[in-house]
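Residue strings, one per chain:
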Amino acid sequence: MRPNYDLVSLRLDTMFDDPAPVVELPAVIERANRDLLALMDGAENAPKRLLRILRPTALIGFHVDRPGEGVTVRLGLVVDERATQMWHRHISGLWPSLRQEVDESKLQTPDVSGRHRTLTISAQGVPMAVMVLGVRRDLAATQDEVTFQVPAELLSAGDLVLIGIDSSPVGGDWGLASRMVDGAVGVAVTSVTVEPGLDDSFRAHVASGRHDARGARAMAETGYFVVNPGSGDSAVTVEVTEAARGGRRAALLRRLLPTKGDIDLEVRDLAGQAVPGVRIAPGRADLPALKGPVQVRPRRAGQAAAGARRDWAVRIS
Amino acid sequence: MRLLTNYGSFLNTAPGFWKHQVLPASERVILVEAMSQDLRVTLRNLTLANALRRVERARIVVYSGADEDWNQVVWTYFNADEIAQMCYAYGAESVLDAHKLVDERVQGTRVPHVVAGVDLGGPLPESAIPRAVFDQIVYATTCRMAKAPRLDDSVEMKLQRDKVEARSLEFARIYEALISNNDVVALISSHVDYDNFGLAVEAALRHDVPVIFTQSTGSLKAYTLFPERAIPGAPVRAGLTEDIGAFFESRIWANRDLLRRSAELTQSRAKATLGRPSWWRAGGGFSSIDIRDAAERSAVRTYAAKQVGLDASKPTVSVFNHAVSDALGTNKEAFADLGDWFEQTVAWAREHPEVNWLFLDHPQQDLYDATEFFDGLAMQNADQAHMSFFRSLELTKNALISLTDLVLTVRGSVSNEYPALGIPAIQCGWSEWSGCGFTTVTDSVDDYFRALEDHVEGLLERRPLITADQIERARLWAWFYRSATDIPSCLIHPWRMGESDWLFNTVTAHMLQVEADGDLAFSTVSRMWRRRDPFLTRFDFDLPGDELANQMDLTTA
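Rules of the game
- Residues numbered from 1 in each chain as written.
- Chains lettered and ligands numbered in written order.
- Predicted model: local features only at pLDDT ≥ 70, side-chain atom pairs only at ≥ 80, totals over all residues.
- Heavy atoms only, no water.
- Helix = DSSP H or I, 4+ residues; strand = E, 2+ residues; numbered from the N terminus.
- Buried < 20%, exposed > 50% of the residue type's maximum accessible area, 1.4 Å probe, protein only.
- Contact = heavy atoms within 4.5 Å.
- Areas by Shrake-Rupley, 256 points an atom, 1.4 Å probe, with all protein chains shown as cover.
- Rg over C-alpha atoms; globule rule 2.2 N^0.38 Å.
- Lys, Arg positive; Asp, Glu negative; His and termini not counted.
- Charge placed at Lys NZ, Arg CZ, Asp CG, Glu CD.
- Buried area = accessible area lost by both parts, 1.4 Å probe.
- Salt bridge = Lys/Arg side-chain N within 4 Å of Asp/Glu carboxyl O.
- Polar contact = N/O pair within 3.5 Å; in protein donor to acceptor, adjacent residues only side chain to side chain.
- Nonpolar A, V, L, I, M, F, W, Y, C, P; charged D, E, K, R; others polar.
- Pairing = 2+ DSSP bridges.
- Phe/Tyr/Trp six-rings, centres within 6.5 Å; stacked < 30°, edge-to-face > 60°.
- Lys NZ or Arg CZ within 6 Å of the ring centre and 35° of its normal.
- pLDDT = per-residue confidence, 0-100.
- Expected span 1.5 Å × (residues − 1).
- Axes fitted to C-alpha atoms, helices over the stretch in contact; angles between N-to-C directions.
- Parallel < 35°, antiparallel > 145°, perpendicular 65-115°, else oblique.
- Left-handed = near helix turned anticlockwise from the far one by under 90°.
- Core = buried A, V, L, I, M, F, W, Y, C linked by side-chain atoms within 4.5 Å.

Let's shift gears to the overall build of chain A. Check the secondary structure of chain A and you find three helices and 22 strands. Evaluated residue by residue, chain A yields a buried proportion of 53% over its 317 residues. Put simply, 75% of the contacts in chain A that link residues at least 6 apart link residues at least 24 apart. With an accessible surface of roughly 14,600 Å², chain A has 49% of that area assigned to carbon and sulfur atoms.

Structure below.
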């Protein structure tokens, strides 16, 4: 890959610029020490979080004291009521029919319950993880985190670690119907944990916004989830079972809908292409050591994904 | 957003305050425009008029109003009554609803309407305005009302033009009558463009009346067009451009060592979106610049290039589209109109894939274009991998700064912002700062494309296209614009305070509780007027360096 064009006459600094803050590793960057962030783009300081994302793409940058070892980053995000309000405001600016309405209280905003936000997390422009955060039907807050490694060679241009959080859909058409356009808007980043070197102890994981004793929960409406790579190069097993929804309506549905039958899984990479070396059995996929995030779509045999009425419990080992 | 619930106490206080702040009136007249719906604009015009009445004995005559076109196309809440109330509270002798009068005259209604001793309702002679100037103002007004970059031969456009022309003839008559039948000290106007504003300005200058041109930004900012410095045959702002360039050279650039720290501070604040660095682009979350150096710029460029679909390894020329019907022809320009420049640049870019081209639409284009001008060009060039079309606000300022290696504009403020960061800019029209030496200014279409070709080659050869001196000039201009020519006054307050109770309560409190002696609105208007300076200045730049430093209370640490 050719290096980025560099303008020779550039003079971005002023005599009043503070020196860029350098993060001494290990560190947790959160609201109290947000001055450690050297760059925040498409986002703003938040009163109770580290930051809120304002735009479809946000960037967070920080300098580290030991770039030569690479870094391991853990990013915590929250989707709450405020996130939904901000997303509605953003969308109303995009849609001309809504933009005409001056009185915000009269805006006919779309219902987001059961929909999801797809966020691609990258470092130095390279996709590292994908969060498919389902908005709970009761609109209660959901939170999740992803962990990824930024190897030293990606930091070769300097000590700036630049993390991107992007709303663009990942490859393929899975989940498009319930995906929130510009889903990053409104999401809060709670913390960025940075450790020196490449931690070899974290496992492949799913960031769906909900977890319980049976693993991650992927909402039926979303129709798919993404497995993010863990450290090291070990193979990954994905096991999917049906997860009952709570409440009386859900109990009724459980009685009405078929519960027997195998669960079929499909696996793709982020570009929507098949992943070589995958072995699939009913409710189970054995994946080779992951080079990047992969998408998995569970379906009850003989049933269209869109017709599913059950959430999925996902266990990774 | 407008949050105005307590206008009455301001209106009750102002007459008592101004009664003894100005010299007794005479037969002479200061003409004041009050045609903006935003009361902050009229507040500036009237305060400036009263500041001038401390120097010149005169009475205030106001021309105001809005017609159906303006109410449909530009304004959303124009309220003639509350504007008139402010005018009378500031001592106006009369407030003429010029739009209403023009409508009556166009309809053939002849009702006596005496203003400043002139019956504007009766027969009036034709204005002596040169036909070409009149036609240009009619054309520009029609484009603005039609929200179109240029007029075509359609019936709709012709009808619109006829309507504007008929009204313009009457505007020209009444302004000419008002000015030629009175001893006019000055005309104060927030705009110099379009028929309702521009024909008054044109008549004033033709009758040797200075025009004070207030700005709807900052605190109190105003330029003055002195008739003797107008360039014959050139657009109305051209003389101002030359005046500003000369002043900048002799007073600002000459004092650069003294002013360097201030300019750096302004630049630093501009990066953080402080000091209203961009007229159109608000919002700290996407308009501030966090990038500190080339390495950080490169890291952000990777993302930005991906977002716009361009190759980060190639130089990028950013072309900033204008609000396409905004104030056409009020300064020297190389192309026939703003749209013509953009279209020809797009066509040239198609043939030059050796660099990236990023075309950016104006943040407020919706208010100026109903023809989908930008979207049409984007569609026509969708197959060009080296060209991308985006709305400016879709990209953050960090993304724009990280991508842009050359700026193209006719007269946009980007040609100050980017050179201040070491990113070169080509202008193909004059602006307030185009005589200040930090952009490449081209005067003809051929000139423009020659300069563009040279700059593209320069980018590819990695040749510096802007010098360290030019970067410093750009930063000094930013300081000059945002500080030296922005007058803080207890009677005005920053634009950012909004059209609000907050603003008017504060002005009222100052009128009631603070003695006005030495208010900069008074002293700076007096200095500008006596010296015939082209703008208000916070400081006296005729002072020797050490005295100027003293006056500026410069911090040197």
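Scanning chain B from terminus to terminus reveals 21 helices and 14 strands. Its C-alpha atoms give chain B a radius of gyration of 24 Å, near enough to 24 Å, the size a compact globule of 557 residues would have. Seen through its principal axes, chain B has C-alpha atoms that stretch 70 × 65 × 45 Å. Carbon and sulfur atoms make up 51% of the accessible area of chain B, which totals about 20,600 Å². Looking at chain B, you have 55 positive and 76 negative side-chain charges, and the mean spots of the two groups are 4 Å apart.

Once that is clear, we can look at the interface of chain A and chain B. Taken residue by residue, the interface counts 40 residues in chain A and 51 residues in chain B. Buried surface at the junction of chain A and chain B, summed over both partners, amounts to about 3,700 Å²; 55% is from carbon and sulfur atoms. Across the pair B:Lys271 and A:Asp17 runs a salt bridge whose closest N-O atoms are separated by 3.3 Å. Scanning the region where chain A abuts chain B turns up 27 residue pairs in polar contact (both at pLDDT 80 or more). Elements with a contribution of two residues or more to the side of chain A that touches chain B: β3 (39–41), β6 (57–64), β8 (116–123) and β11 (160–166) of chain A. Element by element, the count of residues in the side of chain A that touches chain B is highest for β11(A), at four residues. Broken down by class, the residue content of the side of chain A that touches chain B amounts to 22 nonpolar, nine polar and nine charged.

Before going further, it helps to examine the pairing of strand β9 (residues 316–320) of chain B. On a regular strand, one side chain projects to one face of the sheet and the next to the other, so that they alternate. Residue and element names in this part refer to chain B. With five of five residues buried, β9 lies mostly within the body of the structure. Here β9 shows no split at all, with Thr316, Ser318 and Phe320 on one side and Val317 and Val319 on the other all buried. With five bridges joining them, β9 and strand β10 (residues 356–361) adopt parallel strand pairing. Note that in β10 the partner of Val319 across the bridge is Phe359.

Looking now at the pairing of strand β20 (residues 284–287) of chain A. All names here are of chain A. Where strand β17 (residues 236–243) and β20 come together, four bridges link them in antiparallel fashion. The partner of Val236 across the bridge, within β20, is Leu287. Both strand β19 (residues 279–281) and β20 contribute to a ladder of three bridges, which runs antiparallel. The residue of β20 that forms the bridge with Ala281 is Arg284.

For the rest of this paragraph, the subject is the sheet that holds β19(A). Pairing in this open sheet of six strands is antiparallel, and the strands run β14-β15-β22-β17-β20-β19 (chain A) from one edge to the other. The outermost strands of the open sheet, each flanked by one partner alone, are β14 (211–212) and β19 of chain A.

Let's shift gears to the side chain of B:Arg40. Residues and elements named next belong to chain B. Within the fold, Arg40 resides in helix α2 (residues 39–52). On the accessibility criterion, Arg40 (11% relative accessible area) is buried. A distance of 2.7 Å separates the side chain of Arg40 from the side chain of Asp38, its partner in a polar contact. Beyond its immediate sequence surroundings of up to four residues, Arg40 is in contact with Trp495, Gly498, Glu499 and Leu503.

Right, let's get into the packing of aromatic side chains. All names here are of chain B. Scanning the model with the defined rule gives 42 aromatic pairs over all chains in all. These aromatic residues form a ring-pair network of at least three members: Phe213, Tyr223, Phe247, Phe248, Trp433, Trp477, Trp479, Phe480, Tyr481, Phe535, Phe539 and Phe541. Over the ring of Trp495 we find Arg40, and its NZ or CZ is 3.8 Å from the ring centre. Just above the ring of Trp253 sits the side chain of Arg256; from NZ or CZ to the centre is 4.1 Å.

Summed over the entire model, instances satisfying the criterion amount to 60 salt bridges over all chains. With its nearest N and O atoms 3.2 Å apart, the salt bridge here joins A:Arg49 to A:Asp80. In this pair, A:Arg49 sits in the loop between β4 (43–45) and β5 (51–53) while A:Asp80 sits in the loop between β7 (71–79) and α1 (81–94), placing the two residues 31 residues apart along the sequence. Residue A:Arg49 is classed as partly exposed on the basis of its relative accessible area, which comes to 25%. Between B:Arg463 and B:Glu461 there is a salt bridge, and its shortest N-O distance comes to 3.2 Å.

This next bit is on the confidence of the model for chain B. Predicted coordinates in areas of low pLDDT are best not read in detail. Taken over all residues, the pLDDT of chain B has a mean of 94, while the share at 70 or more is 97%. For this predicted complex, the interface confidence score (ipTM) comes to 0.89, while the overall pTM stands at 0.92.

Attention now goes to helix α20 (residues 520–531) of chain B. Residue and element names in this part refer to chain B. If you check α20, its first and last C-alpha atoms are 16 Å apart, about what 12 residues at 1.5 Å a residue would give, namely 16 Å. At its buried positions, α20 is contacted by α1 (8–19), α2, β6 (184–189), β7 (211–214), β8 (222–225) and α21 (545–552). Between a side-chain oxygen at the N-terminus of α20 and the backbone nitrogen of Ala521 the separation is 2.9 Å; the capping residue is Asp519. Trailing α20 by a residue or two, Arg532 shows a phi angle of about 55°, which is positive.

Turning our eyes to something else, we now look at helix α17 (residues 445–461) of chain B. Residues and elements named next belong to chain B. Taking 1.5 Å per residue as the helical rise, α17 with its 17 residues ought to reach 24 Å, and the 24 Å between its terminal C-alpha atoms agrees with that figure. In this structure, the buried residues of α17 make contact with β9, α13 (338–350), β10, β12 (406–409), β13 (425–427) and β14 (440–441). Two residues or fewer after α17 comes Arg462, characterised by a positive phi angle close to 60°.

Residue and element names in this part refer to chain B. Running from amino to carboxyl end, α2 crosses helix α4 (residues 80–89) at an angle of 20°, the nearest separation of the two axes being 10 Å. With respect to their mutual orientation, α2 and α4 come out roughly parallel. Considering how the two elements wind past one another, α2 and α4 form a crossing that is right-handed. Of the residues in α4, those in contact with Leu39, Thr42, Leu43 and Leu46 of α2 are Glu82, Ile83, Met86 and Cys87. Within the contact of α2 with α4, the residues separate by chemical class into six nonpolar, one polar and one charged.

Formed by 123 residues in total, the largest nonpolar core has its most connected members in B:Phe10, B:Met86, B:Tyr90, B:Leu120, B:Tyr175 and B:Trp479. If we skip the residues at most four places from it in the chain, B:Tyr90 touches B:Phe10, B:Ala14, B:Trp18, B:Leu43, B:Leu46, B:Thr47, B:Asn50, B:Arg53, B:Ile60, B:Val507 and B:Met511. A:Leu12, B:Ala299, B:Leu310 and B:Val410 belong to the second largest nonpolar core, which has 71 residues in total.

This part takes up unusual backbone geometry. At the junction of A:Leu25 and A:Pro26, the peptide bond is cis and its omega measures out at -5° in the coordinates. By the element assignment, A:Pro26 lies in the loop between β1 (22–23) and β2 (27–29). The residue B:Lys147 is not glycine, and still its phi comes out positive at about 50°. Its location among the elements puts B:Lys147 in the loop between α6 (131–146) and α7 (155–180).

Sheet strands pair by backbone hydrogen bonding; their relative direction is either parallel or antiparallel. All names here are of chain A. Taken together, four strands build an open sheet; the order of strands is β13-β16-β21-β18 and the sheet is antiparallel. In this open sheet, the two strands that pair with only one neighbour each are β13 (205–206) and β18 (263–269). As defined by bridge partners, β18 adjoins strand β21 (residues 294–300) across seven bridges and the pair is classed as antiparallel. Each bridged residue has a counterpart across the sheet, and for Ile263 the counterpart in β21 is Arg300.

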